[in-house]
Protein chains: 2
Amino acid sequence: MRREVTLRDVAELAGVSSRTVSNVVNGYANVTERTRERVQRAVEELGYRPNVLARNLAQGRSGQIAVVVPYLDTPYFSELLQSVIRAARVGGYNVLIDQTDGDPEHERAFIADGSRRLLFDGVIFSPLGLDQQALTDRDPTLPLVILGERSSDGFFDHVGIDDVAASRQATEHLLDMGRQRIAAIGDQPYATGEAAQRRTRGFCDAHKGRGLTPQEDLIIQTPRFNRIDGAQAMNHLLDLPEPPDAVFCYSDLVALGAIRSIVSRGLRIPEDIAVIGYDDIEDGSYSNPTVTTISPDKEWIATTAVERLLLRIASDTPPPGLELRAPHRLIVRESTAGRTPDAR
Amino acid sequence: MRREVTLRDVAELAGVSSRTVSNVVNGYANVTERTRERVQRAVEELGYRPNVLARNLAQGRSGQIAVVVPYLDTPYFSELLQSVIRAARVGGYNVLIDQTDGDPEHERAFIADGSRRLLFDGVIFSPLGLDQQALTDRDPTLPLVILGERSSDGFFDHVGIDDVAASRQATEHLLDMGRQRIAAIGDQPYATGEAAQRRTRGFCDAHKGRGLTPQEDLIIQTPRFNRIDGAQAMNHLLDLPEPPDAVFCYSDLVALGAIRSIVSRGLRIPEDIAVIGYDDIEDGSYSNPTVTTISPDKEWIATTAVERLLLRIASDTPPPGLELRAPHRLIVRESTAGRTPDAR
DNA sequence: GTGAAAGCGCTAACAA
DNA sequence: TTGTTAGCGCTTTCAC
């Protein structure tokens, strides 16, 4: 490759020191208009462009943040990432994205004392395979914001909606529609299933709040929150001697899978079975039927996460870890309300 | 931040030169077993970890590749990205992802002589707003692989399926089902719509091959390939005095939008109107009805793109730009074949 | 097989 | 306001 034009070359041509050129290039400090112009001209004449790698080393920062999610092709994450990238760009940061496939080792590599540490100035992380303990054993110098699962240990920020309240609200909506046998799909009663457990709790709370008892056998566990999980769980439910008349799904993908199963059997939604989802992904507003769902404010989550992370990066004494509650709301669509006469 | 442990510190403790430590750390060259061990111990004792930033500068490479797509939340891209990340990881590369929102300026910034040039060793790029000309005015030193749209100018590789053939095949499938009035949704008759135009060509070729003439007024243009575009275009078609009995959609999202419109009007798929899509995204196999589609081999595309890019990065004399044809196949589902008796 | 030392190109403390 | 210069921490040529 051709020899690169360096700061020194520019300095020489412009007849100034490299320090001055650096100042001009970075828009720093006080530089005489005359000098600035002279430098500018030299820059253009030589086609100089700063070497990011050198700058990174000298500054000890990379100008990049990493966003780590379990699966990129989960619509919830890809929709969220979109907003994260935009927010980071505004803050002058590039975004390095990685997916972990939920592999604990891979996840740990990101937040532990690793050789990649300096590659990013901070990490926004949506863990899946790591339990709370593993989150605590991390590089303490790494600015970190956690999304979704888990809760803050006081040393990082955590951004997410109130799962318990949201799930309770979803379940109450089904109860309000007069449903009697409500199933839940997505429970994960083990260390890494915190988020799922919070949803189950909300589900039970809603029942208890009305003096009802949730039926154990209608709470179905799934390893993940994908379409296939929803389809399988729903098939199981439909095979019961007395199938449910409503289902609360822990994600919209699960709901879409469940809907597929229901429709395949020739049953009607919501007449025979009402379905509600979680996440408000775009698919849910175009499917047949469209899906009633809990809609977390993704824009708020993304913006807040980036904001807090940049703050952490900028501070030399790390701010206290916050528990940040994103707004959410219930969006009622066909899967519980039925087709409205003039739907289009 | 605490003072970092450097190579020199390790060398001092181990009583060797920094050169030797570097050799050990990188698994280079010939180092005596004894020396290696001594160094290894020092590394552990001090908790040394190499500084990626310094290494990058010294080597003049970043160990990162960028993947640039128009929209991250388009399932086709997020599914593809997933495979790209995996393939890159195997090759020892990190993936920096960016989305351009189809903005030509933003796109140009990535392939032009920019200050971010050194941040990635190569780029896999799926352009949307740039025409062929703009692609040619790029940093000639940048290893580049283009996905999807456009064709190679001989200086970069292009990976994609044969759009004309695939579209022809899709259309012929509809003709084979006895459809008479076939519409096409997604044409883009302007400079940046090459891919769309190739699909339109295939659509027309299929008709001509059977001695038929495609009807101009059934070829609908859309600005993008999203659900909303499909829904709107379909509504328009349904308002025609004589609506089509089949639609070829230029993406699965368009198909899903179209399906939504059709179902909303109480029409049946495929009895009244058959629908075929393009891309084979997961949604299409869980929707009601499931979507017949053209399925590009995404794994092949991702693997090949990464492979070629790494090859380009490694070569000092750039290899010739190749036009690489990914395999594709037609997947027949309910939107053209109807519900099979024992569907589940 | 190992050591010495010269970069890589930029930033920023210190001086002038 | 501008110049001088010492790093940033690693790689790598060249000599031993």
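Residues numbered from 1 in each chain as written. Chains lettered and ligands numbered in written order. Predicted model: local features only at pLDDT ≥ 70, side-chain atom pairs only at ≥ 80, totals over all residues. Heavy atoms only, no water.

Visitor: Account for the protein's contact with DNA strand C, naming residues and giving values.
Guide: Around DNA strand C, 25 residues are found, and the nearest of them are A:Leu7, A:Tyr48, B:Ser17, B:Asn30 and B:Thr35. Protein-proximal atoms of DNA strand C, defined as those within 4 Å of the protein, fall in sugar or phosphate at a share of 70%. Between DNA strand C and A:Arg19, the relevant distance is 2.8 Å, taken from a base nitrogen to a side-chain nitrogen or oxygen of the residue. The backbone of A:Asn51 places a nitrogen or oxygen atom 3.3 Å from a phosphate oxygen of DNA strand C. Of all elements in the fold, only helix H2 (18–25) and helix H4 (52–59) of chain A together with helix H2 (18–25) and helix H4 (52–59) of chain B reach the threshold of two or more residues within the surface near DNA strand C. Of the residues assigned to the surface near DNA strand C, the class counts are 10 nonpolar, 11 polar and four charged. (Near = heavy atom within 4 Å. Polar contact = N/O pair within 3.5 Å; in protein donor to acceptor, adjacent residues only side chain to side chain. Helix = DSSP H or I, 4+ residues; strand = E, 2+ residues; numbered from the N terminus. Nonpolar A, V, L, I, M, F, W, Y, C, P; charged D, E, K, R; others polar.)

Visitor: Help me get a handle on the relation of the copies chain A and chain B, residues and values and all.
Guide: The two copies are related by a screw motion: chain A maps onto chain B through a turn of 180° and a shift of 0.0 Å along the axis, at an RMSD of 0.1 Å. Seen this way, the second copy is the image of the first under a two-fold rotation axis. Relative to the rotation axis, the C-alpha of A:Leu96 is the closest in chain A, positioned 2.2 Å from it. In this assembly the copies share their binding face: 100% of the residues contributing to the interface of chain A also contribute to that of chain B. (Least-squares fit on C-alpha atoms with pLDDT ≥ 70 in both. Contact = heavy atoms within 4.5 Å.)

Visitor: Requested: an account of the domain arrangement of chain A, with residues and values cited.
Guide: Domains assigned within chain A are domain 1 (1–50), domain 2 (59–161 + 306–325) and domain 3 (163–296). Between domain 1 of chain A and domain 2 of chain A, the C-alpha centre-to-centre distance is 36 Å. (Domains from an automatic or database assignment.)

Visitor: Tell me about the pattern of salt bridges, residues and numbers included.
Guide: Taken as a whole and judged by the stated rule, the model has 44 salt bridges over all chains. When the shortest N-O distance is used, the salt bridge between B:Asp101 and A:Arg86 registers 2.8 Å. Linking B:Asp101 in the loop between strand S2 (94–99) and helix H6 (104–111) with A:Arg86 in helix H5 (residues 75–90), this pair reaches from one chain into another. According to the relative accessible area criterion, B:Asp101 is partly exposed, its value standing at 27%. Relative accessible area serves as the criterion here: at 35%, A:Arg86 is assigned to the partly exposed category. Residues participating in the shared-partner salt-bridge network are A:Arg227, A:Glu282, A:Asp283, B:Arg227, B:Glu282 and B:Asp283. (Salt bridge = Lys/Arg side-chain N within 4 Å of Asp/Glu carboxyl O. Buried < 20%, exposed > 50% of the residue type's maximum accessible area, 1.4 Å probe, protein only.)

Visitor: Give a detailed account of the sheet that holds strand S12 (residues 328–331) of chain B, specifying residues and quantitative values.
Guide: All names here are of chain B. Pairing is mixed across the open sheet formed by six strands, whose spatial order is S7-S6-S8-S9-S10-S12. Across the chains shown, the open sheet's two edge strands, defined by having one partner strand only, are strand S7 (219–221) and S12. With strand direction ignored, the average angle separating the axes of adjacent strands in the sheet is 15°. Bridge analysis of strand S10 (residues 292–296) against S12 gives four bridges, and the strand direction is antiparallel. Bridging from a neighbouring strand, Ile-294 pairs with Leu-330 of S12. (Pairing = 2+ DSSP bridges. Axes fitted to C-alpha atoms, helices over the stretch in contact; angles between N-to-C directions.)

Visitor: Describe the protein's contact with DNA strand D, and please don't skip the residues or the numbers.
Guide: In the vicinity of DNA strand D, 26 residues are found, and the nearest of them are A:Asn30, A:Thr32, A:Thr35, B:Leu7 and B:Tyr48. Within 4 Å of the protein, atoms of DNA strand D come from sugar and phosphate in 63% of cases. One of the side-chain nitrogen or oxygen atoms of A:Thr20 is found 2.7 Å away from a phosphate oxygen of DNA strand D. Between DNA strand D and the protein, one listed contact pairs a base oxygen with a side-chain N or O atom of B:Arg19 at 2.7 Å. Taken together, the elements giving at least two residues each to the surface near DNA strand D come down to H2 and H4 of chain A together with H2 and H4 of chain B. With four residues, H4(B) is the largest single contributor of residues to the surface near DNA strand D. Residue composition of the surface near DNA strand D, grouped by class: 10 nonpolar, 12 polar and four charged.

Visitor: I'd like a description of the interface of chain A and chain B, backed by residues and values.
Guide: Facing the 61 residues of chain A at the interface are 62 residues of chain B. Roughly 5,600 Å² of surface becomes buried between chain A and chain B when both sides are summed, with 51% attributable to carbon and sulfur atoms. Remark: the boundary between chain A and chain B carries 12 salt bridges. Put simply, chain A and chain B have 26 residue pairs in polar contact (both at pLDDT 80 or more) between them. Those elements giving two or more residues to the side of chain A that touches chain B turn out to be H4, H5, strand S2 (94–99), helix H10 (227–238) and helix H11 (252–264) of chain A. Partitioned by chemical class, the residues of the side of chain A that touches chain B number 22 nonpolar, 19 polar and 20 charged. (Buried area = accessible area lost by both parts, 1.4 Å probe.)

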